[in-house]
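One-letter residues, chain by chain:
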Amino acid sequence: MDNLPKAIIVFMGTILFGLFLVSYSNTQVSVNNAKKFQAAMSQKMKAADFSDYIIQECKEETREAGYEALEVTKESDDLFVVTLKYQVKDTLLSADKTYERKSYVRLAQSSE
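Residues numbered from 1 in each chain as written. Predicted model: local features only at pLDDT ≥ 70, side-chain atom pairs only at ≥ 80, totals over all residues. Heavy atoms only, no water.

Enquirer: Mind showing me how you'd approach the overall build of the protein chain here?
Expert: Per the secondary structure count, the protein chain includes 2 helices and 3 strands. Counting helices and strands in the order they occur from the N terminus, the protein chain gives α-α-β-β-β. Radius of gyration (C-alpha) of the protein chain: 21 Å, far over the 13 Å computed for a compact globule of 112 residues. With respect to the three principal axes, the spread of C-alpha positions in the protein chain is 85 × 25 × 20 Å. Evaluated residue by residue, the protein chain yields a buried proportion of 24% over its 112 residues. At a minimum sequence separation of 6, the contacts of the protein chain that also span at least 24 residues come to 44%. Of the roughly 8100 Å² of accessible surface on the protein chain, 55% is carried by carbon and sulfur atoms. Counting 14 positive and 16 negative side-chain charges, the protein chain places the centres of these two groups 6 Å from one another. (Helix = DSSP H or I, 4+ residues; strand = E, 2+ residues; numbered from the N terminus. Rg over C-alpha atoms; globule rule 2.2 N^0.38 Å. Buried < 20%, exposed > 50% of the residue type's maximum accessible area, 1.4 Å probe, protein only. Contact = heavy atoms within 4.5 Å. Areas by Shrake-Rupley, 256 points an atom, 1.4 Å probe, with all protein chains shown as cover. Lys, Arg positive; Asp, Glu negative; His and termini not counted. Charge placed at Lys NZ, Arg CZ, Asp CG, Glu CD.)

Okay, structure coming up:
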(Lines give C-alpha, C1' and ligand atoms only; values in the text may rest on other atoms or scores of the structure.)
Protein backbone atom coordinates (compact mmCIF):
# COMPACT_ATOMS: atom_id res chain seq x y z
CA MET A 1 0.00 0.00 0.00
CA ASP A 2 2.89 2.37 0.67
CA ASN A 3 4.03 2.09 -2.93
CA LEU A 4 0.66 3.08 -4.41
CA PRO A 5 1.26 6.89 -4.25
CA LYS A 6 4.68 6.44 -5.84
CA ALA A 7 3.21 4.26 -8.57
CA ILE A 8 0.54 6.87 -9.31
CA ILE A 9 3.17 9.64 -9.52
CA VAL A 10 5.31 7.55 -11.88
CA PHE A 11 2.26 6.70 -14.01
CA MET A 12 1.14 10.34 -14.26
CA GLY A 13 4.70 11.44 -15.04
CA THR A 14 4.91 8.89 -17.82
CA ILE A 15 1.63 10.09 -19.32
CA LEU A 16 2.71 13.74 -19.18
CA PHE A 17 6.04 12.90 -20.77
CA GLY A 18 4.22 11.00 -23.54
CA LEU A 19 1.92 13.96 -24.20
CA PHE A 20 4.90 16.29 -24.36
CA LEU A 21 6.68 13.96 -26.78
CA VAL A 22 3.64 13.78 -29.09
CA SER A 23 3.26 17.57 -29.02
CA TYR A 24 6.95 18.09 -29.82
CA SER A 25 6.83 15.53 -32.64
CA ASN A 26 3.79 17.21 -34.23
CA THR A 27 5.53 20.58 -34.09
CA GLN A 28 8.68 19.20 -35.70
CA VAL A 29 6.69 17.55 -38.50
CA SER A 30 4.90 20.85 -39.21
CA VAL A 31 8.17 22.79 -39.22
CA ASN A 32 9.84 20.26 -41.54
CA ASN A 33 6.86 20.33 -43.91
CA ALA A 34 7.02 24.13 -44.02
CA LYS A 35 10.76 23.99 -44.72
CA LYS A 36 10.22 21.63 -47.65
CA PHE A 37 7.33 23.70 -48.98
CA GLN A 38 9.35 26.91 -48.85
CA ALA A 39 12.28 25.25 -50.63
CA ALA A 40 9.95 24.02 -53.39
CA MET A 41 8.41 27.47 -53.85
CA SER A 42 11.84 29.12 -53.85
CA GLN A 43 13.10 26.74 -56.54
CA LYS A 44 9.98 27.27 -58.63
CA MET A 45 10.40 31.05 -58.49
CA LYS A 46 14.13 30.83 -59.14
CA ALA A 47 13.56 28.64 -62.21
CA ALA A 48 11.25 31.36 -63.57
CA ASP A 49 13.70 34.17 -62.70
CA PHE A 50 11.20 35.46 -60.13
CA SER A 51 8.62 36.52 -62.71
CA ASP A 52 5.64 38.35 -61.24
CA TYR A 53 3.23 35.74 -62.60
CA ILE A 54 5.06 32.83 -60.93
CA ILE A 55 5.40 34.76 -57.66
CA GLN A 56 1.62 35.29 -57.58
CA GLU A 57 1.05 31.64 -58.45
CA CYS A 58 3.32 30.58 -55.56
CA LYS A 59 1.48 32.90 -53.18
CA GLU A 60 -1.83 31.30 -54.18
CA GLU A 61 -0.36 27.81 -53.69
CA THR A 62 0.83 28.91 -50.26
CA ARG A 63 -2.67 29.93 -49.17
CA GLU A 64 -4.17 26.77 -50.66
CA ALA A 65 -1.64 24.67 -48.73
CA GLY A 66 -2.82 26.26 -45.47
CA TYR A 67 0.11 28.56 -44.78
CA GLU A 68 -0.43 32.19 -43.78
CA ALA A 69 1.67 34.03 -46.34
CA LEU A 70 4.59 33.93 -48.70
CA GLU A 71 6.50 37.17 -49.06
CA VAL A 72 9.12 37.83 -51.70
CA THR A 73 11.49 40.78 -51.39
CA LYS A 74 14.09 41.81 -53.94
CA GLU A 75 17.29 42.71 -52.08
CA SER A 76 19.39 43.36 -55.18
CA ASP A 77 19.41 42.52 -58.89
CA ASP A 78 20.24 38.89 -58.21
CA LEU A 79 19.21 38.33 -54.57
CA PHE A 80 15.70 37.65 -53.27
CA VAL A 81 14.41 36.96 -49.76
CA VAL A 82 11.58 34.42 -49.56
CA THR A 83 9.67 34.46 -46.26
CA LEU A 84 7.05 31.85 -45.35
CA LYS A 85 4.71 32.59 -42.45
CA TYR A 86 2.78 29.73 -40.91
CA GLN A 87 1.09 28.63 -37.71
CA VAL A 88 1.70 25.49 -35.72
CA LYS A 89 -0.87 24.27 -33.23
CA ASP A 90 0.56 23.07 -29.95
CA THR A 91 -1.61 20.07 -29.09
CA LEU A 92 -0.48 20.01 -25.48
CA LEU A 93 -1.31 23.63 -24.69
CA SER A 94 -4.02 24.10 -27.35
CA ALA A 95 -2.26 27.22 -28.56
CA ASP A 96 -1.17 28.44 -31.97
CA LYS A 97 2.31 29.76 -32.54
CA THR A 98 3.27 31.73 -35.62
CA TYR A 99 6.58 30.92 -37.25
CA GLU A 100 8.47 32.80 -39.92
CA ARG A 101 11.04 31.10 -42.12
CA LYS A 102 13.35 33.14 -44.35
CA SER A 103 15.61 31.99 -47.14
CA TYR A 104 17.87 33.87 -49.48
CA VAL A 105 17.82 32.93 -53.15
CA ARG A 106 20.45 34.14 -55.55
CA LEU A 107 19.86 34.03 -59.28
CA ALA A 108 22.56 32.45 -61.37
CA GLN A 109 24.83 34.92 -63.09
CA SER A 110 24.53 34.71 -66.83
CA SER A 111 27.85 34.28 -68.61
CA GLU A 112 27.52 36.66 -71.54
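Here the narrative resumes.
Enquirer: Could you clarify how one ought to interpret the environment of Lys74 in this entry?
Expert: Inspection of the secondary structure assignment puts Lys74 in strand β1 (residues 69–76). Along the sequence, Lys74 and Phe50 sit 24 residues apart, while their C-alpha atoms lie 9.3 Å from each other.

Enquirer: What exactly am I supposed to notice about the pattern of salt bridges here?
Expert: Side-chain pairs of opposite charge can arise where the charged atoms are in close proximity. Tallying each qualifying case throughout the model produces 5 salt bridges. Linking Lys44 and Glu61 is a salt bridge whose minimum nitrogen-to-oxygen distance equals 2.3 Å. Taken together, the residues span a long stretch of sequence, with Lys44 in helix α1 (residues 4–47) and Glu61 in helix α2 (residues 52–64) at a distance of 17 residues. The exposure class assigned to Lys44 is partly exposed, which follows from its relative accessible area of 27%. Several salt bridges converge on common partners, so that one network encompasses Lys44, Glu57 and Glu61. (Salt bridge = Lys/Arg side-chain N within 4 Å of Asp/Glu carboxyl O.)

Enquirer: Explanation requested: α1 in the structure shown.
Expert: Every α-helical turn comprises 3.6 residues, leaving residues that sit three or four positions apart pointing alike. Between its terminal C-alpha atoms α1 stretches 65 Å, which fits the 64 Å expected from 44 residues at 1.5 Å a residue. Looking at the packing, one finds that the buried side of α1 touches α2, β1, β2 (79–90) and β3 (95–106). Backbone geometry just after α1 places Asp49 at a positive phi near 55°. (Expected span 1.5 Å × (residues − 1).)

Enquirer: Any chance you could explain the side chain of Asp78 here in plain terms?
Expert: Relative to the elements of secondary structure, Asp78 occurs in the loop between β1 and β2. For Asp78, the side chain forms a polar contact with the side chain of Arg106, separated by 3.3 Å. (Polar contact = N/O pair within 3.5 Å; in protein donor to acceptor, adjacent residues only side chain to side chain.)

Enquirer: Where do I start with the environment of Val29 in this structure?
Expert: By the element assignment, Val29 lies in helix α1. Spatially, the C-alpha atom of Val29 lies 9.8 Å from that of Val88, the residues being 59 residues apart in sequence.

Enquirer: What's the story with the pairing of β2 in this structure? I'm lost.
Expert: If a strand is regular, its side chains alternate between the two faces of the sheet. Here 7 bridges tie β1 to β2, and the two strands are oriented antiparallel to one another. Considered in β2, the bridge of Ser76 is made with Leu79. Linking β1 to β2, which pair antiparallel, is a turn of 2 residues. Taken together, the 12 bridges between β2 and β3 define a ladder with antiparallel strand orientation. (Pairing = 2+ DSSP bridges.)

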